[in-house]
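Letter by letter, the chains look like this.
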Amino acid sequence: MEDKLVTLAIHTYEKAVILRSILETDGIEVYIQNVNQIQPVVSAGVRVRIKESDLPHALRVIEDNAWQADPKPERKERPKRVLIPIDFSDYSLKACEIGVSYAHKIGAEVMLFHAYFNPYFPSAIPLGETLAYRMNENDSIEQLLGRVHEDLDALCGRIDQQIASGALPKVDYQVTLREGLPEEEIVTFSKEYRPTLIVMGTRGKNQKEMDLIGSVTGEVIEAGKVPILAIPENVPFQDLASVKHIAFATSFNQRDLVAFDKFMALIKGYPFHIHLFNISTSRNEWNEIRLSGVREYFRKQYPEANITYTVLADGDLLLAIEKFVRDEQIDVIALSTYRRSLLARMFNPSIARKMLFHTDVPILVIDSHK
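Residues numbered from 1 in each chain as written. Predicted model: local features only at pLDDT ≥ 70, side-chain atom pairs only at ≥ 80, totals over all residues. Heavy atoms only, no water.

Topic: the overall build of the protein chain
Along its length, the protein chain carries 12 helices and 13 strands. Each of the 370 residues in the protein chain was classed as buried or not, and the buried ones make up 44%. A sequence separation of at least 24 residues applies to 76% of the contacts in the protein chain between residues at least 6 apart. As displayed, the protein chain offers around 20,800 Å² of accessible surface, 51% of which is attributable to carbon and sulfur atoms. (Helix = DSSP H or I, 4+ residues; strand = E, 2+ residues; numbered from the N terminus. Buried < 20%, exposed > 50% of the residue type's maximum accessible area, 1.4 Å probe, protein only. Contact = heavy atoms within 4.5 Å. Areas by Shrake-Rupley, 256 points an atom, 1.4 Å probe, with all protein chains shown as cover.)

Have a look at this one:
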């Protein structure tokens with residue numbers, strides 16, 4: 001009995017010819033039908049037919065060759081990096097301790113970064129009374145750099161001493177110096193360096209209200225695209241491995257889903273208890289329903305995660321967060337943010353930035369753009 005023909009696929013003429021060549025190389029007879037004889041190249045709906053007995057063989061050949069797959073460029077995994085901006089303060093050292101420990105945990109390299117401010121401006125630019133760095137008339141740029149290098153050597157010496165004593169894990173680190181305003185230079189360098197996480201020290205709850213506008217950490221949070229872990233000076237631990245409870249704030253926005261995926265990637269390998277809480281001003285009963293739904297969604301996406309939720313009380317949001325942190329013994333708060341205009345930042349600071357000076361709990365800020 002003669003073997004009947006079956007249609008294996010329907011393609012454009014060009015793809016049909018490619019497929020025929022592949023199959024015939026493996027000894028399979030191929031017949032192309034419905035070809036435009038005048039202009040074969042523009043033929044659409046060309047049938048590629050083979051003998052029915054060759055069908056299993058042909059299907060294996062197609063699967064092995066993956067001939068239709070679009071060639072995808074080989075994606076190299078981005079190296080893991082932790083950027084730690086420093087200003088030689090005690091809380092800067094605390095950021096180094098936590099940043100180094102985190103880098104060791106995820107197998108990342110570490111970059112210590114310091115931006116020094118040169119007060120020698122052109123005469124057209126006035127020097128206001130707000131400049132924190134003062135230089136005597138006899139001081140020079142060389143003397144300024146000399147003091148920067150002395151402070152840097154002292155800080156590195158303290159880190160090396162802790163590594164040598166076993167207080168910190170052994171991690172190779174580098175140092176970069178830049179001239180300019182710290183917040184601007186940190187953002188610019190992070191675009192070049194592309195860190196996995198930025199770890200920055202902050203004075204936390206003891207900051208003055210005016211620091212809300214001028215805080216370097218706050219400016220980096222508002223302008224940057226990299227996750228930032230802000231470490232207040234009074235944090236009682238020097239390793240995230242000591243953290244038990246970490247809270248994730250949600251405003252029930254689509255952006256939170258993106259931020260939560262980034263959040264889970266950052267804390268991968270840490271057995272944290274994750275607390276969801278609301279930063280919405282909606283009525284409590286709606287918050288309860290929404291938070292329950294968000295938790296169930298996240299638990300399906302991350303079944304291994306220990307996720308619970310808490311509905312904040314009505315009233316002042318920052319006070320409600322403070323009570324929640326105290327009651328649930330929260331060690332770290334994670335917040336999503338998104339870039340806004342300078343005017344919006346000045347007159348309506350984000351909740352993430354407000355939290356910088358309102359709490360002594362570390363704040364993990366995650367940009368919610370894809």
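This is not the end of the story, as more comes after the structure.
Quick look at the pairing of strand S12 (residues 332-337)
When you tally the buried positions in S12, you get 5 out of 6 residues, the bulk of the element. Pairing of S12 with strand S13 (residues 363-367), which is carried by 5 bridges, proceeds in the parallel orientation. Bridge pairing in S13 links leucine 335 to valine 365. (Pairing = 2+ DSSP bridges.)

Digging into the sheet that holds strand S1 (residues 5-11)
In spatial order, the strands read S1-S3-S2; together these 3 strands make up an open sheet with antiparallel pairing. Looking at strand neighbours, the two that pair on one side only are S1 and strand S2 (31-33), the edges of this open sheet. Shown here is a sheet whose adjacent strand axes are inclined to one another by a mean of 30 degrees, direction ignored. Pairing between S1 and strand S3 (residues 46-51): 6 bridges, direction antiparallel. Paired with threonine 7 across the bridge in S3 is arginine 49. (Axes fitted to C-alpha atoms, helices over the stretch in contact; angles between N-to-C directions.)

Here's the deal with the pattern of salt bridges
Applying the stated criterion across every chain yields a total of 7 salt bridges. For glutamate 109, the salt bridge is made with arginine 81, and the minimal N-O distance between the two is 3.4 Å. Highlighted residues: glutamate 109 in strand S5 (residues 109-116) and arginine 81 in strand S4 (residues 81-85), separated in sequence by 28 residues. Assessed through its relative accessible area of 32%, glutamate 109 is described here as partly exposed. Here glutamate 192 and arginine 178 are joined by a salt bridge, their closest N and O atoms 2.8 Å apart. Remark: arginine 178 occurs in strand S6 (residues 173-179) and glutamate 192 occurs in helix H5 (residues 182-193); sequence separation between them is 14 residues. Owing to a relative accessible area of 47%, glutamate 192 belongs among the partly exposed residues under this scheme. Linked by salt bridges that have partners in common, Arg295, Glu296 and Arg299 make up one network. (Salt bridge = Lys/Arg side-chain N within 4 Å of Asp/Glu carboxyl O.)

Considerations on the packing of aromatic side chains
The geometry of two aromatic rings is summed up by the distance between their centres and the angle between their planes. A complete count under the given rule lists 12 aromatic pairs for this structure. Between phenylalanine 248 and phenylalanine 263, the aromatic rings sit 5.2 Å apart at their centres with planes inclined by 40 degrees, giving tilted as the arrangement. With phenylalanine 248 in strand S9 (residues 245-250) and phenylalanine 263 in helix H8 (residues 254-266), the pair connects residues that are 15 residues apart, well separated along the chain. Taking relative accessible area as the criterion, phenylalanine 248 reaches 0% and is therefore assigned buried. Members of the aromatic cluster, joined through ring pairs, are Phe248, Phe260, Phe263, Tyr297, Phe298 and Tyr302. The ring of tyrosine 193 has arginine 81 sitting right over it, with the charged end atom 4.9 Å from the ring centre. Directly above the aromatic system of tyrosine 270 lies the positively charged group of lysine 105, at a separation of 5.1 Å from the ring centroid. (Phe/Tyr/Trp six-rings, centres within 6.5 Å; stacked < 30°, edge-to-face > 60°. Lys NZ or Arg CZ within 6 Å of the ring centre and 35° of its normal.)

Observations concerning the environment of isoleucine 186
Structurally, isoleucine 186 is set in helix H5. Placed 101 residues apart in sequence, isoleucine 186 and proline 85 show a C-alpha to C-alpha distance of 7.2 Å. When near neighbours in sequence (up to four residues on either side) are disregarded, isoleucine 186 contacts Pro85, Phe113, Met200, Val216 and Val220.

Let's talk about the confidence of the model for the protein chain
In this model, the protein chain carries an average pLDDT of 79, and 75% of its residues clear a pLDDT of 70 or more. No element of the protein chain has a lower mean pLDDT than helix H6 (residues 211-214), which averages 38, and none a higher one than S4, which averages 96. Segment residues 341-347: pLDDT under 50, and 5 contacts once partners within four positions in sequence are set aside and those in other chains are kept. (pLDDT = per-residue confidence, 0-100.)

Side note on the packing of H5 against helix H7 (residues 216-223)
In contact at an axis separation of 9 Å, H5 and H7 are set at 40 degrees when each is read in the N-to-C sense. Classified by the angle their axes make, H5 and H7 are oblique. Between H5 and H7 lies a crossing whose hand is right-handed. Where H5 abuts H7, its residues Pro182, Glu183, Ile186 and Val187 lie against Val216, Glu219, Val220 and Ala223. Taken together, the residues of the contact of H5 with H7 sort by class into 6 nonpolar, no polar and 2 charged. (Parallel < 35°, antiparallel > 145°, perpendicular 65-115°, else oblique. Left-handed = near helix turned anticlockwise from the far one by under 90°. Nonpolar A, V, L, I, M, F, W, Y, C, P; charged D, E, K, R; others polar.)

With respect to the packing of helix H3 (residues 90-106) against helix H4 (residues 141-165)
Viewed as axis vectors pointing N to C, H3 and H4 meet at an angle of 40 degrees, and their least axial separation amounts to 11 Å. Between H3 and H4, the interaxial angle falls into the category oblique. You can see that H3 and H4 cross each other, and the crossing is right-handed. Listed contacts from H4 to Asp90, Leu93, Cys96 and Glu97 of H3 are Leu155, Arg158, Ile159 and Gln162. Here the contact of H3 with H4 is built from residues that sort into 4 nonpolar, 1 polar and 3 charged.

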